[in-house]
Number of protein chains: 2
Amino acid sequence: MNADIPYKIYLDEKELPKAWYNLRADMINKPAPLLNPETRQPSTVEELSQVFCKELAAQELDETNPYIEIPEPIRNFYKMYRPAPLIRAYFLEKALNTPAHIYYKFEGNNTSGSHKLNSAIAQAYYAKQEGLKGVSTETGAGQWGTALSMASAFFGINCRVFMVKCSYEQKPHRREVMNTYGAYVTPSPSMDTEIGRKILEEHPGTSGSLGCAISEAVEFALNNPGYKYALGSVLNQVLLHQSIIGLETMTALDKYNIKPDVIIGCAGGGSNLGGLISPFVGRKLKGELDCRFVAVEPASCPSLTRGKYVYDYCDTGRVCPLQKMYTLGSGFIPSSSHSGGLRYHGMSSLLSQLYDDKIMEAISVTQSEVFGAAVTFARTEGTLPAPESSHAIYAAMQEAIRCREEGKHENIVFGLTGTGYFDMLAYGKFNAGQMNDYVPTDAEIEASLQQL
Amino acid sequence: MNADIPYKIYLDEKELPKAWYNLRADMINKPAPLLNPETRQPSTVEELSQVFCKELAAQELDETNPYIEIPEPIRNFYKMYRPAPLIRAYFLEKALNTPAHIYYKFEGNNTSGSHKLNSAIAQAYYAKQEGLKGVSTETGAGQWGTALSMASAFFGINCRVFMVKCSYEQKPHRREVMNTYGAYVTPSPSMDTEIGRKILEEHPGTSGSLGCAISEAVEFALNNPGYKYALGSVLNQVLLHQSIIGLETMTALDKYNIKPDVIIGCAGGGSNLGGLISPFVGRKLKGELDCRFVAVEPASCPSLTRGKYVYDYCDTGRVCPLQKMYTLGSGFIPSSSHSGGLRYHGMSSLLSQLYDDKIMEAISVTQSEVFGAAVTFARTEGTLPAPESSHAIYAAMQEAIRCREEGKHENIVFGLTGTGYFDMLAYGKFNAGQMNDYVPTDAEIEASLQQL
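This one's a predicted model, so the numbers in the text were calculated from it and none came from an experiment.

Draft legend 1. How the structure looks around the overall build of chain A. In terms of regular secondary structure, chain A is built from 18 helices and 15 strands. Against the compact-globule benchmark of 22 Å for 452 residues, chain A has a radius of gyration of 20 Å, which places it among compact chains. In chain A, buried positions account for 67% of the 452 residues. In chain A, 76% of the contacts between residues at least 6 apart in sequence involve partners at least 24 apart. Accessible surface for chain A amounts to roughly 15,200 Å². Of this, 49% is attributable to carbon and sulfur atoms. Of note, chain A has its 41 positive side-chain charges centred 3 Å away from the centre of its 49 negative side-chain charges.

Dropping the structure here:
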């Protein structure tokens, strides 16, 4: 151990990874293939290219190349906010009186407020390369929509965002950030798509869902020449782009000869967690590292811990390919009392496979636990964390407390995906003691899974 | 010139300054002394200590020591978010097609969202050292209140914030951030102080002003044993703490052998600008540097460019010492159409002296100019800037355009004091084409100045 570890380990710009890491190439049990929803046969690059950019469709299905070069324009954009710091949580360690060392990779130092920008800039770049007019997407809590708006503005293409209605109404400022970057934001369900009109007709009062917004964004891309669809999580291509988080973390830890004992990330669709752990899982599979990996999901949307590992639809409208994943059923909608992101019914197929192979663990935590950890973290480490990220903070704190009780030194690493500046309504509820810890009943989950 | 300048120049933690720089020690014409409002004699440390912490009162009047050591607990806190990056605006240069090189010192990578934290942590530290129960303060746009809340939480003391009423109402999320850090926030004018009650009686519908909130916070500190008052700008002590901005900038520029030709900062009370330019002005006074310094103020609150250099009160209630400064009169209240900070009627006495000595220039810009520059900056450089900071962006862009027209290479440095996440209401107005560029008339300014 190096006693002289700085508060923030900043890599040099020259240490910025030149290639993304594709864990699938090194996995023994590969994730199950995507299936065409009509033929139920594995999706081809050609089929996926109707929705996604060609290059991204190829990345989606690539199970052989462990490294995929990052194009220079993307690397230059990365230089505006990367390498991201790996921060030693000295003050949190002291507050918990733990012998453990806690490190967090902080992805919030950019205007999108999260790691989402890492994939957004890649997807906007390939869209520009393909000569497209623009991209369409959905956004829930808003980080992904913001990130894609910024990336689209940078490359001068249009960005059409379908924003889950309750979020659109609760977060006018988040919406205004996207407007400022020139994006066109519509509340979803909207009257602009067939699926939107259908859902509005069937459920006039609905506040929307991520699955429905995805369907609208895909339909928009299919019906508007010059547009393709971009997704911020779940997909292999997104985890690939997000591997930059893990690669930088690994370089920083290696530099100080720190061996992680446990790596923790929050899990919604899995993009941050997958990106963070991928390079480390690669090492573990090669027998070079002994380390636990922990996914932390909200108790209100527990796809890994209470879902089923089966083929399911990625979206409500069932226009996307089928994916084998831990899922609560594509019709599952988390309670409206749930704050922030991590509301997706399923989970990245890659992470689902790792979980099924017991390479990765998973736990679920309640909102009160999450916000309690968030406030402690804010007051000791300074940064006001996003509710999503705070799932990982809670789990990291629990591990640190366990180390204290066991009198053990361990190196705990977690992903701090972003900041909570646009989540003050939820913080306000917690500060006022009005947080709702609703957890779905077994019957509710069973009913949703039976629709599969 | 070094062709190999990275996008972000990050100093090593070991390069973090160990002392603040006190420009007054090197000034030939010192700023005029503070005057006791009752005796009209120069204020003493004893008198100032009734309101401020003793150590801070001493710093306020120190004109002899060029360097004042930064206590270790403050340096450790700084390490959580400092050294702050000096960023080369490669993409903005390209967008402006300018031969100039543009650099900005970015102070927004912390939860307070601005440079204010640099002084807040110092003031909270000295309060803790003095064994105080807490601090009281005012806040306008909210950055300073947030910063002092964070700093107070870190050292475990109370923080009482009087928030200008219009801001309190328009920015509930900003207020919630302060609550999350355990601060107690009251809209000002309030019924909690005599001056607040008096103002409410005279102007029942008032939306408050910074000068009034200052008076309330000072009164609160005077009437509540165990409390002292903290101010986020204008004072010498604040410029001293903020010199860390300029010291880091200087180290970063020196490292790459870059000589600045012009250094630009937005100016409200002067804390960011003073902190940024102080070390460079010191060099200029010693004949070691030839460089212009430019203060950029809002056209709606133009203390340097249209004010008078006289003794005036720092607050509406006239309880604070008198200060010789460029001022619009302590009764001046900028139009309610003005967005963000930089609403103070006066200016740091140190900067006022530099301006009067023609060592520093000043310009004023309208809101539309400011937000236009902000949107261009956001779309090219990624970061969504605070409206305050965007005054400096506008001026830097004008200098870069001048360089293009004159075919000249110059090194332009400006301070990007913070981010605009809590200013989306103002961005929204601009995006909708509803920005109000009201500028006070000569008669209005004359009337305000006649009350001196």
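Read on, since the account is not over.
Draft legend 2. Here's a closer look at the sheet that holds strand S6 (residues 134-139) of chain B. Residues and elements named next belong to chain B. Strand order across the open sheet formed by four strands is S8-S7-S6-S9, with parallel pairing between neighbours. The sheet terminates laterally at strand S8 (184-188) and strand S9 (227-229), the two strands that pair on one side only. With direction set aside, neighbouring strand axes in the sheet form an average angle of 25°. Relative to S8, strand S7 (residues 158-164) is paired through five bridges, and the arrangement is parallel. Along S8, the bridge assignment pairs Phe-162 with Thr-186. Running over the sheet, helix H6 (residues 143-155) touches S6 and S7 and is turned about 165° from S6. Docked against the sheet, helix H8 (residues 172-180) engages S6, S7 and S8, running at close to 170° with respect to S7.

Draft legend 3. Representation of the environment of Arg-306 of chain A. Residue and element names in this part refer to chain A. Counting through the fold element by element, Arg-306 comes out in helix H13 (residues 303-306). Judged by relative accessible area, Arg-306 falls into the partly exposed class, the value being 27%. Counting along the chain gives 138 residues from Arg-306 to Tyr-168, while the straight-line C-alpha distance between them is 29 Å. When near neighbours in sequence (up to four residues on either side) are disregarded, Arg-306 contacts Glu-297, Leu-328, Val-439, Pro-440, Thr-441, Asp-442, Ile-445 and Leu-449.

Draft legend 4. Summary view of the pairing of strand S10 (residues 262-266) of chain B. All names here are of chain B. With five of its five residues buried, S10 lies for the most part within the structure. With burial as the criterion, each face of S10 is covered, one bearing Val-262, Ile-264 and Cys-266 and the other bearing Ile-263 and Gly-265. Of the pairings in the sheet, the one linking S10 to strand S11 (residues 292-298) comprises five bridges and is parallel in character. Bridging across to S11, Ile-264 finds its partner in Val-294. Read from S10 through helix H12 (residues 271-285) to S11, the crossover connection turns out right-handed. Summarising the sheet, S10 and strand S15 (residues 411-416) pair through three bridges and their orientation is parallel. Within the sheet, the bridge partner assigned to Val-262 lies in S15 and is Ile-412.

Draft legend 5. Focus on the sheet that holds strand S1 (residues 8-9) of chain B. All names here are of chain B. The strand order S1-S4-S5-S15-S10-S11-S14 describes an open sheet built from seven strands, whose pairing is mixed. Pairing within the sheet leaves two strands with one partner each, and these edge strands are S1 and strand S14 (361-365). Against the sheet, H12 makes contact with S10, S11 and S15, and its axis sits at roughly 155° relative to S10, the strand it touches most. Helix H15 (residues 367-381) contacts strand S4 (86-88), strand S5 (101-106), S14 and S15 of the sheet and is inclined by roughly 95° relative to S14.

Draft legend 6. Representation of the environment of Ser-368 of chain B. Residue and element names in this part refer to chain B. Take Ser-368: it is sitting in helix H15. Judged by relative accessible area, Ser-368 falls into the partly exposed class, the value being 26%. Each C-alpha atom of the pair Ser-368 and Met-435 lies 6.3 Å from the other, and the pair is 67 residues apart in sequence. With sequence-adjacent residues up to four places away left out, Ser-368 is seen in contact with Phe-430, Met-435 and Asp-437.

What counts and what doesn't
Residues numbered from 1 in each chain as written. Chains lettered and ligands numbered in written order. Predicted model: local features only at pLDDT ≥ 70, side-chain atom pairs only at ≥ 80, totals over all residues. Heavy atoms only, no water. Helix = DSSP H or I, 4+ residues; strand = E, 2+ residues; numbered from the N terminus. Rg over C-alpha atoms; globule rule 2.2 N^0.38 Å. Buried < 20%, exposed > 50% of the residue type's maximum accessible area, 1.4 Å probe, protein only. Contact = heavy atoms within 4.5 Å. Areas by Shrake-Rupley, 256 points an atom, 1.4 Å probe, with all protein chains shown as cover. Lys, Arg positive; Asp, Glu negative; His and termini not counted. Charge placed at Lys NZ, Arg CZ, Asp CG, Glu CD. Pairing = 2+ DSSP bridges. Axes fitted to C-alpha atoms, helices over the stretch in contact; angles between N-to-C directions. Right-handed = clockwise from strand over helix to strand, strands pointing away.

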